[in-house]
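If you want the building blocks of each chain, they are given just below.
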Amino acid sequence: FGKRSAKNFRKFLINLAVSDILVGVFSVPFTYTDFMLGRWIFPFWLCPFAQFVQILSVFVTAFTLTIIGIER
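Only a predicted model underlies this, so the values are computations on that prediction, with no experimental measurement involved.

1. Comments concerning the overall build of the protein chain
Part 1: When helices and strands are counted, the protein chain shows three helices and zero strands.
Part 2: For the protein chain, the succession of helices and strands along the chain, N to C, is α-α-α.
Part 3: Radius of gyration (C-alpha) of the protein chain: 16 Å, far over the 11 Å computed for a compact globule of 72 residues.
Part 4: Seen through its principal axes, the protein chain has C-alpha atoms that stretch 50 × 20 × 15 Å.
Part 5: Split into buried and exposed, the 72 residues of the protein chain put 18% on the buried side.
Part 6: Looking at the protein chain alone, contacts between residues at least 24 apart form 66% of all its contacts between residues at least 6 apart.
Part 7: Summed over all atoms, the accessible surface of the protein chain reaches about 5,700 Å², with 74% contributed by carbon and sulfur.

Written out as structure tokens, the structure reads:
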């Protein structure tokens, strides 16, 4: 409903874009490498960090899409 709605929607789209970038950077390469090689070849400390970022970014994506759907 006007300029206020456009500002809120822009914030949601930025949030969604950041979440998608996190998935692309922290989810796809690690998951692909682990799947193709069948083992974790990266440093041990990176495994829980990559999993945390994966789960967080998927949650943020789903939450943002839900809020956009409710607001629209």
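2. Some details on the side chain of T64
Part 1: Along the polypeptide, T64 turns up in helix α3 (residues 46-71).
Part 2: The class of T64 is buried, set by a relative accessible area of 3%.
Part 3: At a separation of 3.2 Å, a polar atom in the side chain of T64 contacts the side chain of N15.

3. Some points on the UniProt feature "transmembrane region" (unreviewed entry) in the protein chain
Part 1: In this numbering, the UniProt entry assigns the feature "transmembrane region" (unreviewed entry) to residues 12-32 and 52-70.
Part 2: Split by type, residues 12-32 is 95% helix and 0% strand. Its first and last C-alpha atoms lie 29 Å apart.
Part 3: Annotated as residues 52-70, this span is 100% helix and 0% strand, and its ends, taken at the C-alpha atoms, are 27 Å apart.

4. Some points on the environment of K7
Part 1: Turning to its location among the elements, K7 is positioned in helix α1 (residues 3-26).
Part 2: Classification of K7 as exposed rests on a relative accessible area of 53%.
Part 3: A sequence separation of 52 residues divides K7 from F59, and the C-alpha atoms of the two residues are 23 Å apart.

Parameters at a glance
Residues numbered from 1 in each chain as written. Predicted model: local features only at pLDDT ≥ 70, side-chain atom pairs only at ≥ 80, totals over all residues. Heavy atoms only, no water. Helix = DSSP H or I, 4+ residues; strand = E, 2+ residues; numbered from the N terminus. Rg over C-alpha atoms; globule rule 2.2 N^0.38 Å. Buried < 20%, exposed > 50% of the residue type's maximum accessible area, 1.4 Å probe, protein only. Contact = heavy atoms within 4.5 Å. Areas by Shrake-Rupley, 256 points an atom, 1.4 Å probe, with all protein chains shown as cover. Polar contact = N/O pair within 3.5 Å; in protein donor to acceptor, adjacent residues only side chain to side chain. UniProt positions renumbered as here; feature names shortened; annotations may be inferred.

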